[in-house]
Amino acid sequence: MGVPEDNCAIKASLKNSGRILLEPSHIETYPISNKVVDFILSLAQNIPGIQVFTGSFDHLVNDYGLQQVHYKEHPLNRHYTA
């Protein structure tokens, strides 16, 4: 399963399903327009079973008890741990 190469993208191995992570703290620091969000979400529809999570990386991992997380490394997501 491919994952878009932007800092909001994440592939989490929870029943082999993909996730798009939209972190509010990131969007506050680096504002994006509604058109950009719409574009990200429209591209995500090309990935079967994709799910969108709005929250921090830590909340995603902790709320879903993820043991293994795969993501595209990027300078803006250095706080991700997996």
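Every chain is numbered on its own, with residues counted from 1 as its sequence reads. With pLDDT at 70 or above as the cut-off, local features in this predicted model cover only qualifying residues; side-chain atom pairs require 80 or more to be listed or tallied, and sums for whole chains, interfaces and linings still use all residues. For the side-chain quantities, the full set of heavy atoms in the structure was used; hydrogens and water were omitted.

## With respect to the overall build of the protein
(1) Moving on: Strands are runs of DSSP state E lasting at least 2 residues, helices are runs of H or I lasting at least 4, and numbering of each runs from the N terminus. Check the secondary structure of the protein and you find three helices and four strands.
(2) Moving on: In the protein, which comprises 82 residues, the proportion classed as buried is 32%.
(3) Moving on: Within the protein, contacts between residues separated by at least 24 positions form 62% of all contacts whose residues are at least 6 apart in sequence.
(4) Moving on: In the form shown here, the protein has an accessible surface area of approximately 5,500 Å², with 51% of it arising from carbon and sulfur atoms. Relative accessibility decides the category of a residue: with a 1.4 Å probe and only protein chains considered, values under 20% of the type maximum give buried, values over 50% give exposed, and everything between is partly exposed. Whether two residues touch is decided by their heavy atoms; if any such pair falls within 4.5 Å, the residues are in contact. Per-residue and other accessible areas follow the Shrake-Rupley method at a 1.4 Å probe size, with only the shown protein chains counted as cover for residues.

## Side note on the side chain of R19
(1) Moving on: Structurally, R19 is set in strand β2 (residues 17–22).
(2) Moving on: Charge counting follows a simple rule: Lys and Arg are positive, Asp and Glu are negative, and His as well as the terminal groups are ignored. What makes a salt bridge here is a side-chain nitrogen of Lys or Arg within 4 Å of a carboxyl oxygen of Asp or Glu, nothing more. It turns out R19 is buried and unbridged, and the closest side chain with the opposite charge, D63, is 11 Å from it.
(3) Moving on: We call two N or O atoms a polar contact when they sit within 3.5 Å, provided that within protein one can donate a hydrogen and the other can accept it, with sequence-adjacent residues counted only if both atoms are side-chain atoms. Here the side chain of R19 touches Q51 through a polar contact of 3.3 Å, side chain to side chain.

## Quick look at the side chain of N77
(1) Moving on: Tracing the backbone through its elements, the reader meets N77 in the segment after β4 (69–70).
(2) Moving on: We classify N77 as buried; its relative accessible area is 3%.
(3) Moving on: At 2.9 Å, the side chain of N77 forms a polar contact with the backbone nitrogen of H74.
(4) Moving on: Excluding its chain neighbours within four sequence positions, the residues that come into contact with N77 are Y71 and K72.

## Describing the confidence of the model for the protein
(1) Moving on: Averaged over all residues, the pLDDT of the protein equals 80, while 78% of them reach at least 70.
(2) Moving on: Confidence of the prediction at every residue is given by pLDDT, a number between 0 and 100. Taking the mean pLDDT of every element in the protein, the minimum, 42, falls on strand β1 (residues 9–14) and the maximum, 93, on helix α2 (residues 34–44).

## What about the nonpolar core?
It is characteristic of soluble globular proteins that their nonpolar side chains tend to be buried jointly.
(1) Moving on: Throughout, nonpolar core names a set of buried Ala, Val, Leu, Ile, Met, Phe, Trp, Tyr and Cys residues whose side chains join them through atoms within 4.5 Å. The biggest cluster of nonpolar side chains holds eight residues, and these are L21, F53, F57, L60, V61, L66, V69 and Y80.
(2) Moving on: At three residues, helix α3 (residues 57–63) tops the list of elements feeding residues into this core.

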